[in-house]
Each structure stands twice: as structure tokens, then as C-alpha cells.
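The primary structure of each chain is shown beneath.
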Amino acid sequence: MGSYNVVILKDISKLDVTYIPGKILCREKEIGLLKLYMKSGRAIISGGVGTGKTLLAKHYGGDAYINCYMNRTEHRVVEDIVKQLKPNFHTAGMTTQALWNEIEESKVIILDEIDGMIPDELRHFAYTLSRMKEKGKEINYIAITRSANILRQIIGDDAIWSTFADKAIVWLHNYEWEEIMKILDYRAGEALRKDAYNEDILSMIADIAINSPGHMRTAIDVLRNAALIAENEGSDEIKAEHVRMANEEGWLSDVESLEGSEAIVLLATAIACREKSYASLEEIKEVVKAKEEEHGIKIKNFDELIERLIKEDFVYKGKKGYTILNYPCNEIIKRLEK
Ligand SMILES: Nc1ncnc2c1ncn2[C@@H]1O[C@H](COP(=O)(O)OP(=O)(O)OP(=O)(O)O)[C@@H](O)[C@H]1O
Ligand SMILES: [Mg+2]
């Protein structure tokens, strides 16, 4: 893509997974707690996928950052820490204990996805950390886990757990819809040109994210992909259909298995939403009426059918109206109008 292509994206790198935004919104209390706990040199961040755990830790800052899924043994983790703290140091052939001794007390280490370590290794790792503390050497760390309760079970020993984590857990709840909107607005503002998207577009993405196990991670992914799709199409703004394409799921074959009247209501919803993010129930009914005339049929149980489509995840009922989130309306129309 040439540099002339600046219609939608101001700076795509601002939506990169590795990018650390200048501000973390909606986490003031948690940031405060993290700072408080780190005064005693240790904290655990616990929260579901995409709740901002990695972001929070990196924002606080560390001298070494380790992803424990990539380094699953105590030796590998400690070796990686030393390599990051002392880039010119030769770690080859050193024992794990010797490596531990190279870690200075003043440094902060971020241990991301710590439960990704092999359980025995993790247990011993936590044991070593807590034993060092008893001996008076305190290594500062932020450990990140999707579940502090599972981490506690893996570590098993109450005494070790207590020195490792107790009274230092920062819990990150899943964001509410309004919080996702606020964060999306900020992140879109950094990465995209202001008139390349609108509130309804962000609202659709928030609807997707709140129902997705990937949470805020999904929100940023969908935003980035929708922007790329729109730009690739030569559009000067992100349209609802671009969001649907970015969130496309492979269920379209299901569409053909719908029975006649249910298919017509879905078709009507797709037609009503084709050019926009949301449609009202009245707008959908309007299209249904036109289809009834066109095909010479009568749909008596519209309310029941739309409810069924919502339950089956074909149609989504959000705060702003009815929409389709996981497939482009144009594709549905193409399939169903046959
Ligand atoms: N409060 C926030 N303000 C701005 N951006 C946020 C906020 N929370 C999350 N994000 C963004 O959402 C995405 C997911 O956040 P992050 O990677 O930190 O989640 P995570 O909890 O580490 O997820 P996982 O469990 O999958 O590792 C990132 O792009 C991050 O920058
Ligand atoms: Mg993470």
C-alpha cells in the first residue's frame, strides 16, 4: 500500500498487540492497587482473556518481561530474566541457582501467563522465590494469570502461596459495555482518522466484544481488521459491513438450513441493516411485509421468529437496535434470495 492511503488509518501500529497506549482507561483503582502492592515488591494480576492484564503490567513497567508459555521451565525463565537484565552476560552452562543469584533485588520482573509453566516447574519456581524472601533477598515481580484460584491450586502449598501472592492480588473484572466503548473510542482516536468511523461502528464492536471470550482483545482485533478491510476496499470510512466481515464466522451454511419463514425474517433483517449498523423492529417488519407481497405468503409469528433468530445467534439485539454481527448482510442476502 502506498503512503497516499491515509484515508482511514492514521497509524495502524497503535492497534498492534504489542503497542502500549499512553493511557489505561477504566482501571484507575486497579492501577492504584498495583502500585500499592508493588511497594512490598510483589503483585499478582488475575483476570480473564483480554481484560488488560499484560497492558497493566507493562504500563507499570518491568526490567524484564517473560512469557512463561514460551519458557516453561524454571531454568528457562530465570535464564531469560538474566539475559534481559544483563545482555552481555554468558548464561550458558550455568545452574539454575547460579542464575537466580544474578538477579538483583532492585529489578522488577514481569512474569506473564505464569500458569503456562509446567506445573512442577512452577511449584519449584514459586518455592525458590519464597525461600529467597525468607533468606532476605527479595526479587520484585508482577505475576500474571487468567485465574489466581487455579494458580493457587497448582502451587498447592499454602505457605508458599502466602509468601508468593497473598494479599497482593489485583483482580481485573471483565469490562462493562460502556467501558469497552470508552476504551474503543480512545484507541480508535489514536489510530484512525476521526471521520473514518462513528459511534454506531464502535457500538457494534462493543456488542461483539462483550459477547466474546476474547473481550477487549477481540475489540481491538475487530477494530483493526475492519479498518484494514475498509481501506483495502478503497472506502473512506468503516462501514457496518466491514465490521461484520472482520468478525466473520463460518456459520453461513446454517443459513440454508433455516425453514422458510425464519429465513425470510433473517433476510429482512439483513436487508434492513445492509447500509447501517442497526435497524429498528419496525424497519425489519417493513421489509418482511414487502417480502410477503413479493412471494404471496403471510408470516403470522414474526415476534417468535425474530426471538428464535436471536437465540440462534443469527440476529443480535443490542442497545441501539437489531443487527447482524457475525456475517456480512450482503452475503446473507445473496444466499437467501436464491
Ligand atoms: N483499559 C484499557 N485501555 C486501553 N486499552 C486497553 C485497555 N484494556 C485493554 N486494552 C487493550 O486491549 C487489548 C487486550 O489487552 P491485554 O493484552 O492487556 O489483555 P490480557 O488480559 O493480557 O489478555 P490475555 O489473557 O489474552 O493475555 C490490548 O490491545 C490492550 O492494549
Ligand atoms: Mg496478556
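For every chain, the first residue of its written sequence is number 1, and the numbers climb from 1 along that sequence. For this description, chains carry letters from A and ligands carry numbers from 1, given in the order in which they are written. In keeping with the model being predicted, local features are shown solely for residues with a pLDDT of at least 70 and side-chain atom pairs are shown and tallied solely at 80 or more, while totals for entire chains, interfaces and linings include all residues.

## A look at the site of ligand 1
The test is simple: Residues are counted as near a molecule or strand when the C-beta atom, derived from backbone positions, lies within 6 Å of that molecule or strand. As a working rule, the residues Ala, Val, Leu, Ile, Met, Phe, Trp, Tyr, Cys and Pro are called nonpolar, Asp, Glu, Lys and Arg charged, and the rest polar, with Gly in that last group. Each domain's limits were defined by an automated method or a database of domain assignments.
Neighbouring ligand 1 are 20 residues, the closest being Gly52, Lys53, Thr54, Leu55 and Met216. Looking at side-chain class alone, the shell around ligand 1 contains ten nonpolar, five polar and five charged residues. Residue contributions to the shell around ligand 1 reach at least three from each of two domains, namely domain 1 (12–18 + 175–246) and domain 2 (28–172).

## Side note on unusual backbone geometry
What counts here: Counting from the N terminus, the helices are DSSP H or I runs at least four residues long and the strands are E runs at least two residues long. Partly exposed residues are those whose C-beta has more than 12 but fewer than 20 other C-beta atoms within 10 Å; with 20 or more the residue is buried, with 12 or fewer it is exposed, and the C-beta atoms are placed from the backbone.
At Glu113, a residue that is not glycine, the phi angle is positive and equals roughly 50 degrees. With respect to the helices, strands and loops of the structure, Glu113 is situated in the loop between β3 (108–112) and α5 (119–134). When the 17 C-beta atoms within 10 Å are taken as the criterion, Glu113 is described as partly exposed.

## Overview of the nonpolar core
Keep this limit in mind: Think of a nonpolar core as buried Ala, Val, Leu, Ile, Met, Phe, Trp, Tyr and Cys residues, each tied to the set through C-beta atoms within 7 Å. Two residues form a contact once the distance between their C-beta atoms, set from the backbone, is within 7 Å.
Ranked by size, the top nonpolar core spans 59 residues in total, and within it Leu184, Ile205, Ala219 and Leu223 carry the most contacts. For this core, the secondary-structure elements that each account for two or more residues are α8 (177–191), α9 (199–210), α10 (215–232), α11 (240–246), α13 (260–273), α14 (281–295), α15 (302–311) and α16 (329–336). In terms of residues, this core owes the most to one element, α13, which gives ten residues. When residues of this core are assigned to domains, at least three map to each of domain 1 (12–18 + 175–246) and domain 3 (252–336). If we skip the residues at most four places from it in the chain, Ala219 touches Ile180, Leu184, Ile205, Ala206 and Ala209.

## Topic: the packing of α13 against α16
The condition is simple: In this analysis an axis means a line fitted to C-alpha atoms, helices contributing only their contacting stretch, and an angle means the value between N-to-C directions, from 0 to 180 degrees. Roughly parallel refers to an angle under 35 degrees, roughly antiparallel to one over 145, roughly perpendicular to one between 65 and 115, and oblique to any angle outside these ranges. By definition, any crossing whose near helix is turned counterclockwise from its far helix by less than a right angle is left-handed, and any crossing with a clockwise turn is right-handed.
The interhelical angle for the contact between α13 and α16, taken along N-to-C directions, is 140 degrees, at an axis separation of 9 Å. As the angle between them shows, α13 and α16 are arranged oblique. For the pair α13 and α16, the crossing hand works out as left-handed. Within the contact between the two elements, α13 uses Ala263, Leu266, Leu267, Ala270, Ile271 and Cys273 and α16 uses Cys329, Ile332, Ile333 and Leu336. For the contact of α13 with α16, a count of residues per class yields ten nonpolar, no polar and no charged.

## Some details on the domain arrangement of the chain
As a measure of interface size, the accessible area lost when the parts come together is often cited. Taken as a whole, the chain is organised into domain 1 (12–18 + 175–246), domain 2 (28–172) and domain 3 (252–336). Here the C-alpha centroids of domain 1 and domain 2 sit 33 Å apart. Opposite the six residues of domain 1 that make contact, domain 2 presents five residues. Tallied by class, the residues present in the side of domain 1 that touches domain 2 amount to two nonpolar, three polar and one charged.

## Section: helix α2 (residues 53–60)
In an α-helix, one turn spans 3.6 residues, which is why side chains three or four residues apart end up on the same side. Using the following cut-off: By construction, the arc corresponds to the directions joining the helix axis to the C-beta atoms.
All buried positions along α2 are accounted for by Lys53, Thr54, Leu56 and Ala57. For α2, the angular spread of buried residues about the axis comes to 165 degrees, placing them on one side. Against the buried residues of α2 lie α1 (28–38), β1 (42–47), β3, β4 (140–145) and β5 (169–172). Two residues or fewer past α2, Gly61 is found with a positive phi of approximately 105 degrees.

## Overview of the pairing of β3
Side-chain direction in a regular strand flips from residue to residue, so the side chains alternate between the two faces of the sheet. As a reminder, the rule being used: Should DSSP find at least two bridges between two strands, the strands are taken to pair. Crossover handedness is defined by viewing with both strands directed away from the observer: a clockwise path from the first strand over the helix to the second marks the crossover as right-handed.
With four of its five residues buried, β3 lies for the most part within the structure. Strand direction decides the pairing type here: strand β2 (residues 64–67) and β3, joined by four bridges, are parallel. Considered in β3, the bridge of Tyr65 is made with Ile110. The sheet contact formed by β3 and β4 spans four bridges and is parallel. Within β4, the residue paired with Val108 across the bridge is Asn140. Running through α5, the crossover from β3 to the neighbouring parallel element β4 is right-handed.

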